[in-house]
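Observations on the three-dimensional arrangement
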Amino acid sequence: MYNGQQKMDNVQCTMYNDKAFRHKLKISTRLRVIADKVIPGAKVADIGTDHAYIPIYLVTGDIAKKVIGSDVRKGPVQKAKDNLRKFGLNDKIDIRLGDGLEKIKVGEVDTIIISGMGGVLICDILSKASKVLEGITRLILQPNIAHEEVRKWLVLNHYHIVDEELVEEDDKLYNIIVAEHGREETSDQIDYYIGRKLVEKKDPLLNKLLKHRIDEMNKIISQIEGKKTDNVLKRLDECKTRLNDYQELLKFI
């Protein structure tokens, strides 16, 4: 026989499972756009899941068939598990403690999300998981910095960037890169620094991104111009080339 507290728990669980309740999940625009890049019915691993907002959004929105959330830190893993209990999703989302993709088994998922990390770290995580990546059909990557390193890694490891989108949040621009297996030929360095897909689709925020990059290059040039060491002269030449590329792109869009 159920006591009063058990009855309350049952009511609460039903409330959390109601689809209307998922709108109370405070998911940022950036995380929502990342999650919306998942193909319906996919089996997803969200690496660096933090509070498990993306897994919860994917499951309550009936987008993903299966979701694993992984984080290297014990605190976020515990918070993620607490959030699953709140939403009554313990049996639908698996939260694991582990570094990168080390806790993901071969063939377990077909989509990997890695967001909110530096580009070099994202590349390192992917490089250490070649076996897992063989069965992956889609990578959804959101590097906070060093976006060019992620694009270079994808090209060198035989991935084709099928989509890229800019998202503005808290006065900062974020690149969301979607890649699948396939060859992508590029001989132009600008494709690494400004994603080709952003240019092709004329992303609404591309103009703002280019202006920011132009300001950034002008600032660097003004700081190092006049110095005569070989390294500085090489850096100066690179910055001037990129500045010119950004200015030409800005005219194009």
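How each quantity is defined
- Residues numbered from 1 in each chain as written.
- Predicted model: local features only at pLDDT ≥ 70, side-chain atom pairs only at ≥ 80, totals over all residues.
- Heavy atoms only, no water.
- Axes fitted to C-alpha atoms, helices over the stretch in contact; angles between N-to-C directions.
- Helix = DSSP H or I, 4+ residues; strand = E, 2+ residues; numbered from the N terminus.
- Parallel < 35°, antiparallel > 145°, perpendicular 65-115°, else oblique.
- Left-handed = near helix turned anticlockwise from the far one by under 90°.
- Contact = heavy atoms within 4.5 Å.
- Salt bridge = Lys/Arg side-chain N within 4 Å of Asp/Glu carboxyl O.
- Buried < 20%, exposed > 50% of the residue type's maximum accessible area, 1.4 Å probe, protein only.
- Pairing = 2+ DSSP bridges.

1. Describing the packing of helix α10 (residues 206–224) against helix α11 (residues 230–252)
- Packing of α10 against α11 leaves a shortest axis separation of 9 Å and a crossing angle of 155°. Classed by the angle they form, the pair α10 and α11 counts as roughly antiparallel. Crossing geometry of α10 relative to α11 is assigned as left-handed. Taking contact as the criterion, the partners of Asn207, Leu210, Lys211, Arg213, Ile214, Met217, Asn218, Ile220, Ile221 and Ile224 in α10 are, on α11, Val232, Arg235, Leu236, Cys239, Lys240, Arg242, Leu243, Tyr246, Gln247, Leu249 and Leu250.

2. A closer look at the pattern of salt bridges
- Counted according to the given criterion, the structure contains 20 salt bridges.
- Across the pair Glu108 and Lys66 runs a salt bridge, and its minimum N-O distance is 4.0 Å. Of the two residues, Glu108 sits in the loop between β3 (93–97) and β4 (111–117) while Lys66 sits in strand β2 (residues 64–71), which places them 42 residues apart along the sequence.
- Judged by relative accessible area, which is 12%, Glu108 ranks as buried.
- Because the salt bridges share partners, they merge into one network encompassing Lys37, Asp163, Glu165 and Lys201.

3. Comments concerning the sheet that holds strand β6 (residues 159–169)
- The seven strands are arranged β3-β2-β1-β4-β5-β7-β6 in an open sheet whose pairing can be described as mixed. Every other strand in the sheet has two partners, leaving β3 and β6 as the edge strands with one partner each. Averaged over all adjacent pairs, the angle separating strand axes in this sheet is 15°, with direction ignored.
- In the sheet, β6 pairs with strand β7 (residues 172–181) via ten bridges, with the strands oriented antiparallel. In the sheet register, Glu165 faces β7, and the bridge partner there is Ile176.

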